[in-house]
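Letter by letter, the chains look like this.
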Amino acid sequence: MKYTNIVDGIFLDRPNRFIAHVEINGQVETVHVKNTGRCKELLLPQSKVYLEHSDNPNRKTAYDLIAVEKQGLGLVNIDSLAPNKIAGEWLANLAEGGQGFDYIKPEYTYGKSRIDFYMEKENSQGEREKYLMEVKGCTLERDGIGYFPDAPTERGIKHLEELAAAVKAGYHTALCFVITMPKVTQVFANVETHKAFGEAMDAAERAGVKIIYLPCKVEKDEVEFIEQQFPF
């Protein structure tokens, strides 16, 4: 996925989840933060950040903060809309290459949840197989390992429970971590922040939910998945 009208700035502070103060070309601007997570280890005073300038004159804020340089790691994309777009591009790319699905539907309602992707393909016996995939973006890193979540997520637990139930109903299911930062290829449950999510993730794996890691190459104006085959 690509961005346009990218400018760089210096992060100053974050009054609330939705906005931040950033110095751009010597002027302090109030900008929209495209991630409501904590991002405390990323959005540090004087960090270099990248923003997309909006061409909508009616917006309250003219810029969206989308990425930040983390010392010792590199550029981290924090746009919470990016992971689903990247996962969608990955699935479409697999389909075009003949490795994946002939039917892909985003935002699919299953049980009491909205699951990010529903897919179908024909197996070697000519039968239609059904897949569900939930996508989570990972931006939290410690010592080269990714962790999720960076804040408690009851919604994330609910999704895991729905995926586990779907396995019993005959679906293939997966939790896909889109890793929008360099050098990280694996994600663990952040049990220090949300122990219950870690327990739910373990239970989901035991029930047959696959855990997928989708590392990405991150540039200030682009995020691209690193090519890999769908694991089942």
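Residues numbered from 1 in each chain as written. Predicted model: local features only at pLDDT ≥ 70, side-chain atom pairs only at ≥ 80, totals over all residues. Heavy atoms only, no water.

Asker: Now, about the layout of surface pockets: what can you tell me, with residues and values included?
Answerer: Space inside the largest pocket adds up to approximately 760 Å³. In terms of lining residues, the largest pocket is bounded by 30 residues, among which Ser80, Lys136, Gly137, Phe148 and Arg155 are the most central. At the level of elements, helix H1 (82–96), strand S9 (128–138) and strand S11 (145–148) are the ones that each hand at least two residues to the lining of the largest pocket. If you tally residues by element for the lining of the largest pocket, the top one is S9, at five residues. (1 Å grid on protein atoms, 1.4 Å probe; cavity = no way out; pocket = protein on both sides within 12 Å on 5 of 7 lines; lining within 4 Å. Points joined across faces, edges and corners; volume = space filled by probe spheres on them. Helix = DSSP H or I, 4+ residues; strand = E, 2+ residues; numbered from the N terminus.)

Asker: I'd love a proper account of helix H3 (residues 195–207), names of residues and values included.
Answerer: The terminal C-alpha atoms of H3, which comprises 13 residues, lie 19 Å apart, in line with the 18 Å expected from a rise of 1.5 Å per residue. Contacts made by the buried residues of H3 are with S11, helix H2 (154–168), strand S12 (172–179), strand S13 (187–189) and strand S14 (210–219). Just downstream of H3 lies Gly208, where phi reads positive at about 115°. (Expected span 1.5 Å × (residues − 1). Contact = heavy atoms within 4.5 Å.)

Asker: So what's going on with unusual backbone geometry? Which residues, and what values?
Answerer: Cis peptide bonds are those with omega within 30 degrees of zero, and the linkage from Phe148 to Pro149 qualifies with 0°. We note that Asn5 has phi near 55°; this positive angle belongs to a residue other than glycine. Residue position: Asn5 is located in the segment before strand S1 (6–13). Residue classification places Asn5 among the partly exposed positions, given a relative accessible area of 46%. Phi is positive for Glu107, which is not a glycine, with a value near 55°. Checked against the element boundaries, Glu107 lands in strand S7 (residues 103–110). Judged by relative accessible area, which is 40%, Glu107 ranks as partly exposed. (Buried < 20%, exposed > 50% of the residue type's maximum accessible area, 1.4 Å probe, protein only.)

Asker: Go over the packing of aromatic side chains, please, and point to the residues and values.
Answerer: Under the defined criterion, the tally for this structure stands at eight aromatic pairs. Judged by centre distance (4.3 Å) and plane angle (15°), the rings of Tyr108 and Tyr118 are stacked. Here the residue Tyr108 occupies a position in strand S7, and Tyr118 occupies one in strand S8 (residues 113–122), the gap between them amounting to 10 residues. With relative accessibility at 4%, the residue Tyr118 sits in the buried group. When the centroid spacing of 5.2 Å and the interplanar angle of 70° are considered together, the rings of Tyr110 and Tyr171 count as edge-to-face. With Tyr110 in strand S7 and Tyr171 in the loop between H2 and S12, this residue pair connects regions lying 61 residues apart in the sequence. (Phe/Tyr/Trp six-rings, centres within 6.5 Å; stacked < 30°, edge-to-face > 60°.)

Asker: Now, about the pattern of salt bridges: what can you tell me, with residues and values included?
Answerer: For the structure on display, the rule yields 10 salt bridges. Between Arg114 and Glu107 there is a salt bridge, with the nearest N and O atoms lying 3.8 Å from each other. Note on Arg114: relative accessible area 44%, which makes it partly exposed. Connected through salt bridges with shared partners, the residues Asp102, Glu120 and Arg128 form a single ionic network. (Salt bridge = Lys/Arg side-chain N within 4 Å of Asp/Glu carboxyl O.)

Asker: Go over the pairing of strand S5 (residues 63–70) with me, naming the residues and quoting the values.
Answerer: Here S5 lies mainly inside the structure; seven of its eight residues are buried. The sheet contact formed by strand S3 (residues 27–33) and S5 spans two bridges and is parallel. Note on S5: the bridge partner recorded for His32 is Asp64. Where strand S4 (residues 48–53) meets S5, five bridges bridge the pair, whose relative direction is antiparallel. (Pairing = 2+ DSSP bridges.)

Asker: Lay out the side chain of Asp150 in plain terms, naming residues and giving numbers.
Answerer: As for its placement among the helices and strands, Asp150 is situated in the loop between S11 and H2. Among buried charged residues, Asp150 stands out as having no salt bridge; its nearest opposite-charge side chain is Arg38, 6.2 Å away. Separated by 3.1 Å, the side chain of Asp150 and the backbone nitrogen of Cys39 make a polar contact. Excluding residues that lie within four positions of it along the chain, Asp150 makes contacts with Gly37, Arg38, Cys39, Leu140, Asn190 and Thr193. (Lys, Arg positive; Asp, Glu negative; His and termini not counted. Polar contact = N/O pair within 3.5 Å; in protein donor to acceptor, adjacent residues only side chain to side chain.)

Asker: Run through the nonpolar core, naming residues and quoting values.
Answerer: With 42 residues, the main nonpolar core has Leu43 and Leu65 as its most contacted residues. Looking at this core, the element that brings in the most residues is H2, giving five residues. Ignoring sequence-local partners within four residues, the contact set of Leu65 consists of Phe11, Ala20, Val22, Val31, His32, Val33, Lys34, Leu43, Val49, Tyr50, Leu51 and Ile78. (Core = buried A, V, L, I, M, F, W, Y, C linked by side-chain atoms within 4.5 Å.)

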